[in-house]
Amino acid sequence: MSQSLSPADQGEADLLQVPVGEPVVRMRRLRGVDGQPWLLVDTALPARLVPGLDRAVLENQSLYDVLRRRYGIEPVGADRWIEAVFPEPEDAALLEVTTSTPLLGIESVAWLRDGTRFEAYYALHRSDQTRFFVGIR
């Protein structure tokens, strides 16, 4: 839907462990299944790790596939926080739900083998279409 080069805000800086104002590539993507909106994701990546990504054509592509092929980025871990939320009006419209529809909000940060954090995102999942599996070993 959109991607741009912007200065990191406080939340992005905290998650990515970069200074506030460091350039990040911001993306907003709406994903669907069988023509139905399913997931809305706001992502931030440090621009120094992904030069040119703000201008890349990413429609119908896996972001992680592009990160691996173009930038050699191989994630080794991530932390995720999941909560029930109600969407803001703009997000509800994109997901074709009402503002009183409970969604699953997921905040995530992912890192590389050396501990460098390369991605922070916040996703809204339609709770009527999403099921998560969490395995603990």
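Since we're looking at a predicted model, the values are computed, not measured. (Residues numbered from 1 in each chain as written. Predicted model: local features only at pLDDT ≥ 70, side-chain atom pairs only at ≥ 80, totals over all residues. Heavy atoms only, no water.)

> Is there a simple way to explain the overall build of the protein chain in this structure?
Per the secondary structure count, the protein chain includes three helices and six strands. Against the 2.2 N^0.38 benchmark of 14 Å for 137 residues, the protein chain shows a C-alpha radius of gyration of 15 Å, consistent with a compact globule. Expressed as lengths along the three principal axes of its C-alpha atoms, the size of the protein chain is roughly 40 × 40 × 30 Å. Residue burial in the protein chain is summarised as follows: out of 137 residues, 41% are buried. In the protein chain, the share of contacts with a sequence separation of at least 24, taken over all contacts with a separation of at least 6, comes to 51%. Counting 15 positive and 20 negative side-chain charges, the protein chain places the centres of these two groups 7 Å from one another. (Helix = DSSP H or I, 4+ residues; strand = E, 2+ residues; numbered from the N terminus. Rg over C-alpha atoms; globule rule 2.2 N^0.38 Å. Buried < 20%, exposed > 50% of the residue type's maximum accessible area, 1.4 Å probe, protein only. Contact = heavy atoms within 4.5 Å. Lys, Arg positive; Asp, Glu negative; His and termini not counted. Charge placed at Lys NZ, Arg CZ, Asp CG, Glu CD.)

> Help me understand the pattern of salt bridges, please; the structure alone is not making it clear to me.
In a structure, side chains of opposite charge can pair up when their charged atoms sit close to one another. What the rule picks out here adds up to nine salt bridges. The residue aspartate 42 makes a salt bridge to arginine 28 at a minimum N-O spacing of 2.7 Å. Placement of the pair is aspartate 42 in strand E3 (residues 36-46) and arginine 28 in strand E2 (residues 23-33), with a sequence separation of 14 residues. A relative accessible area of 31% places aspartate 42 in the partly exposed class. Ionic pairing is found between aspartate 65 and arginine 69, a salt bridge with its closest N-O pair at 2.9 Å. Here arginine 69 and aspartate 65 lie together in helix H2 (residues 63-71), a separation of four residues that amounts to about one turn. What makes aspartate 65 partly exposed here is its relative accessible area of 34%. A cluster of three or more residues bridged by salt bridges with shared partners is formed by Arg28, Asp42, Glu90 and Asp91. (Salt bridge = Lys/Arg side-chain N within 4 Å of Asp/Glu carboxyl O.)

> Help me out: how do you make sense of the sheet that holds strand E5 (residues 103-111) in this one?
Through backbone hydrogen bonds, the strands of a sheet pair up, either in parallel or in antiparallel fashion. Sheet architecture is open: six strands sit in the order E1-E2-E3-E6-E5-E4, paired in antiparallel fashion. The open sheet has two edge strands with one neighbour each: strand E1 (2-7) and strand E4 (77-85). Adjacent strand axes in the sheet meet at a mean angle of 15° when their direction is disregarded. Relative to E2, E1 is paired through six bridges, and the arrangement is antiparallel. The residue of E2 that forms the bridge with leucine 5 is valine 25. Sheet contacts for H2: E2, E3, E5 and strand E6 (117-126); angle to E6, the most-contacted strand, approximately 165°. (Pairing = 2+ DSSP bridges. Axes fitted to C-alpha atoms, helices over the stretch in contact; angles between N-to-C directions.)

> So what exactly am I meant to see when it comes to the side chain of serine 108 here?
Here serine 108 is to be found in strand E5. Side-chain polar atoms of serine 108 contact the side chain of arginine 80, separated by 3.0 Å. Excluding anything up to four places from it in sequence, serine 108 contacts Ala78, Asp79, Arg80, Trp81, Glu119, Ala120 and Tyr121. (Polar contact = N/O pair within 3.5 Å; in protein donor to acceptor, adjacent residues only side chain to side chain.)

Everything listed here is a matter of geometry and, on its own, says nothing about what the molecule does.
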